[in-house]
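Structural overview
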Amino acid sequence: MTPNKFVRAVFPGSFDPITNGHLDVIQRGIKIVDELIIAVGDNPEKDSLFSGEERVQMIQELVKDMPGILVERFTGLTVEYVKSKNAQVILRGLRNLTDVQYEFQLALTNRAVAGVETMFIMTGEKYGFTTSTLIREVGRFGGDVSGLIPPNVYDRLKVKLGSLSK
Ligand code: ADP
């Protein structure tokens, strides 16, 4: 490894919305790399609750005092975006074996089609079951998700779900 090499990583995801689990990966990740770009995209398999702009804003509020972290919206192929940013590596989080199976396939594909490497960070034990999907679903039925998402996200979720139920 080249000593003192500047490492820029991209953490891509839909972050719909960002959870304490994502934040945990971000906080661990920035200890390893010099710059981390949180890249907010759209997963074609999932309908999003928050708009891209809202998702970016919520993350920006959370990382504004964290040096080395940037937030951007992106469209298209993740590997193309990674290359356009001159980043060396993709960062992804792992919660369980189901994630491993899916992420393994994704990482191998990204390396095969574009030569882009992926690194993984295991989530903090507390967040092993936290998913954005679960937050959206439990939130819709009025369940208390306040311990799983940051306060700014909780406030926006209440407003969003309130306006949806009208
Ligand atoms: P995507 O739609 O690309 O899967 P997500 O926003 O759901 O986007 O997830 C982005 C990344 O964050 C993925 O690598 C996912 O495994 C990881 N992640 C999501 N929730 C957690 C969590 N609770 N702990 C650790 N990693 C997580």
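In case you missed it, the structure is sitting above this.
Being a predicted model, the structure only gives us computed values, none of them experimental.

Comments concerning the environment of Asp144
In this fold, Asp144 is placed in the loop between helix H5 (132-140) and helix H6 (151-165). Distance in space between the C-alpha atoms of Asp144 and Thr19 is 14 Å, their sequence separation being 125 residues. Polar side-chain contacts of Asp144 include one of 2.7 Å to the side chain of Ser146.

Observations regarding unusual backbone geometry
Peptide bonds are, in most cases, trans, and in most cases residues other than glycine have a negative phi. The residue after Asp16, namely Pro17, is reached through a cis peptide bond having omega 0 degrees. Note that Pro17 resides in the loop between strand E1 (8-13) and helix H1 (20-29). Located in the positive-phi region is Phe15, a residue other than glycine, with phi close to 45 degrees. Among the secondary structure elements, Phe15 is positioned in the loop between E1 and H1. Non-glycine residue Asn86 carries a positive phi angle of around 55 degrees. Structurally, the position occupied by Asn86 is in the loop between helix H3 (78-84) and strand E4 (89-94). Of the residues examined, Asn86 reaches a relative accessible area of 59% and is grouped as exposed.

The rules behind the values
- Residues numbered from 1 in each chain as written.
- Predicted model: local features only at pLDDT ≥ 70, side-chain atom pairs only at ≥ 80, totals over all residues.
- Heavy atoms only, no water.
- Helix = DSSP H or I, 4+ residues; strand = E, 2+ residues; numbered from the N terminus.
- Polar contact = N/O pair within 3.5 Å; in protein donor to acceptor, adjacent residues only side chain to side chain.
- Buried < 20%, exposed > 50% of the residue type's maximum accessible area, 1.4 Å probe, protein only.

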